[in-house]
Amino acid sequence: LFPVTLSEQERRSKEPQKILPMPMAEKRLFPARNLEDMLLLGCLPGIWGGMGKEDIQSYAALYVEEEIQREALVRKIGPFGRFLKIAAVESGKNVNLTGVSQETGVPISTLKDFYPVLEDTFVGFSVNSFSGSARTRLIKAPKFYFFDTGVRNALAGLPLESGMLATEGGHLFEHWVACELYWRASYLGRGYCLYYWRTVSGAEVDFVLETPDEIIPIEVKYSSNVSPRDASGIEKFINLYPGAKRG
């Protein structure tokens, strides 16, 4: 299996490598995944190979207790642990250092160092505001997302049960789409960037995908009843930015 943690990667690099043949006696398809399970449990390969809900929680604890502490990326693991839970709860929202500081008791100056730690260890990523050249006042604080919905749910202390989707389904679906778009844009390379767009007056588009050829506004809805009104943000965005032809 591909090494999951930094320490596993270091140990793997020091060991002699062997290529073993794959047994073909029994052919099995990779386990099918439905959307609800991905929103609750995430998309880590091990989850679909037999790992359970408790394994996701163990993985989250392993990251805090072993990886961060072992790499000495933060001096005090206690404040970082409190920050990590609130950061998971707030994942997918605009970063509000003042609010997180009030919730955790961690100074804002320290929080400014904690978020980069999560990005440096590939546990999360930031999505910045799209500005372009349109003359309109925008919300510019970045949004922060954990790399996986299951890990985010475990770190936030949320129950990994289907009932949670009744209240968290929309947010988790947007979170999952953010992960898919971000990693796809990263894979495609230079010229592909992911943003969000929101004006001070309240008009917004969940995501803006910038490619070398065009700008694509994207609205995410977790609902079986979608109406043209839900595309009002896309229409306003296209009217403001000539580079956007579709959404």
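Worth saying up front: this structure is predicted, and the values here are computed from it rather than measured.

## Some remarks on the overall build of the protein chain
Looking only at helices and strands, one finds nine helices and five strands in the protein chain. Element order for the protein chain, N to C, with α for helix and β for strand: α-α-α-α-α-α-β-β-α-α-β-β-β-α. Relative to its full complement of 247 residues, the protein chain shows a buried share of 39%. Pairs at least 24 apart in sequence give 60% of the contacts found in the protein chain among residues at least 6 apart. Put simply, the protein chain shows about 15000 Å² of open surface, and 52% of that area lies on carbon and sulfur atoms.

## As for the sheet that holds strand β1 (residues 124-129)
Strands sit in the order β2-β1-β3-β4-β5 across an open sheet of five strands; the sheet is mixed. Every other strand in the sheet has two partners, leaving β2 (143-146) and β5 (215-218) as the edge strands with one partner each. Strand after strand, the sheet turns through a mean of 35 degrees between neighbouring axes, direction not considered. One ladder, built from four bridges, connects β1 with β2; its direction is antiparallel. Among the inter-strand pairings, Gly124 is bridged to a residue of β2, identified as Phe146.

## Focus on the packing of helix α5 (residues 97-104) against helix α6 (residues 108-120)
The angle between the axes and the distance between the axes are what describe a pair of packed helices. Here α5 crosses α6 at 105 degrees, and the two axes come no closer than 10 Å. Judged by the inter-axis angle, α5 sits roughly perpendicular to α6. Residue-level inspection shows Leu97, Thr98, Val100 and Ser101 of α5 in contact with α6, the latter providing Ile108, Leu111, Lys112 and Tyr115. Class assignment for the residues of the contact of α5 with α6 results in five nonpolar, two polar and one charged.

## Focus on the packing of aromatic side chains
The relative placement of two aromatic rings is captured by the distance of their centres and the angle of their planes. For the structure on display, the rule yields 17 aromatic pairs. When the ring of Phe125 is compared with that of Trp183, the centres are 5.7 Å apart and the planes differ by 75 degrees; the resulting orientation is edge-to-face. Taken together, the residues span a long stretch of sequence, with Phe125 in strand β1 and Trp183 in helix α8 (residues 165-188) at a distance of 58 residues. Accessibility expressed as a relative area gives 37% for Trp183, which makes it partly exposed. Measuring from ring centre to ring centre gives 5.3 Å for Trp197 and Phe237, while their planes differ by 85 degrees; the resulting arrangement is edge-to-face. Residue Trp197 is located in strand β3 (residues 193-198), and its partner Phe237 is located in helix α9 (residues 232-240); the two are separated by 40 residues in the primary sequence. Neither residue differs from the other here; Trp197 and Phe237 are each classed as buried. Three or more aromatic residues joined by ring pairs make a cluster, and in this case those are Phe83, Phe114, Tyr115, Phe144 and Phe146. Against the face of Tyr196 rests Lys143, its NZ or CZ located 4.8 Å from the ring centre.

## Description of the nonpolar core
One finds Phe80, Phe83, Leu118, Phe146, Leu155, Val177 and Phe207 to be the most contacted residues of the largest nonpolar core, which totals 46 residues. Excluding its chain neighbours within four sequence positions, the residues that come into contact with Val177 are Phe207 and Val220. Membership of the second largest hydrophobic core comes to twelve residues, among which are Phe130, Val205, Ile234 and Ala244.

## Some words on α9
Looking only at α9, the buried set comprises Gly233, Ile234 and Phe237. Along the axis of α9, the buried residues cluster in a sector spanning 100 degrees; they form a single face.

## Examining the pattern of salt bridges
Taken as a whole and judged by the stated rule, the model has four salt bridges. Among the ionic pairs, Glu214 bridges to Arg246, the shortest N-O distance being 2.7 Å. Here the residue Glu214 occupies a position in the loop between β4 (204-210) and β5, and Arg246 occupies one in the segment after α9, the gap between them amounting to 32 residues. Classification of Arg246 by relative accessible area gives partly exposed; the value is 48%.

## A look at the side chain of Asp206
When you line up the elements, Asp206 lands in strand β4. One buried charge, Asp206, has no salt-bridge partner; the nearest side chain with opposite charge is Lys143, at 5.4 Å. Separated by 2.7 Å, the side chain of Asp206 and the backbone nitrogen of Val220 make a polar contact. Residues contacting Asp206, with those up to four places away along its chain left out, are Glu174, Tyr195, Tyr196, Ile218, Glu219 and Val220.

## Examining unusual backbone geometry
For Phe122, which is not glycine, the phi torsion reads 60 degrees and is therefore positive. Mapped onto the secondary structure, Phe122 falls in the loop between α6 and β1. On the basis of relative accessible area, Phe122 is assigned to the exposed category, the value being 59%.

Reading guide: rules and limits
Residues numbered from 1 in each chain as written. Predicted model: local features only at pLDDT ≥ 70, side-chain atom pairs only at ≥ 80, totals over all residues. Heavy atoms only, no water. Helix = DSSP H or I, 4+ residues; strand = E, 2+ residues; numbered from the N terminus. Buried < 20%, exposed > 50% of the residue type's maximum accessible area, 1.4 Å probe, protein only. Contact = heavy atoms within 4.5 Å. Areas by Shrake-Rupley, 256 points an atom, 1.4 Å probe, with all protein chains shown as cover. Pairing = 2+ DSSP bridges. Axes fitted to C-alpha atoms, helices over the stretch in contact; angles between N-to-C directions. Parallel < 35°, antiparallel > 145°, perpendicular 65-115°, else oblique. Nonpolar A, V, L, I, M, F, W, Y, C, P; charged D, E, K, R; others polar. Phe/Tyr/Trp six-rings, centres within 6.5 Å; stacked < 30°, edge-to-face > 60°. Lys NZ or Arg CZ within 6 Å of the ring centre and 35° of its normal. Core = buried A, V, L, I, M, F, W, Y, C linked by side-chain atoms within 4.5 Å. Arc of directions from axis to C-beta. Salt bridge = Lys/Arg side-chain N within 4 Å of Asp/Glu carboxyl O. Lys, Arg positive; Asp, Glu negative; His and termini not counted. Polar contact = N/O pair within 3.5 Å; in protein donor to acceptor, adjacent residues only side chain to side chain.

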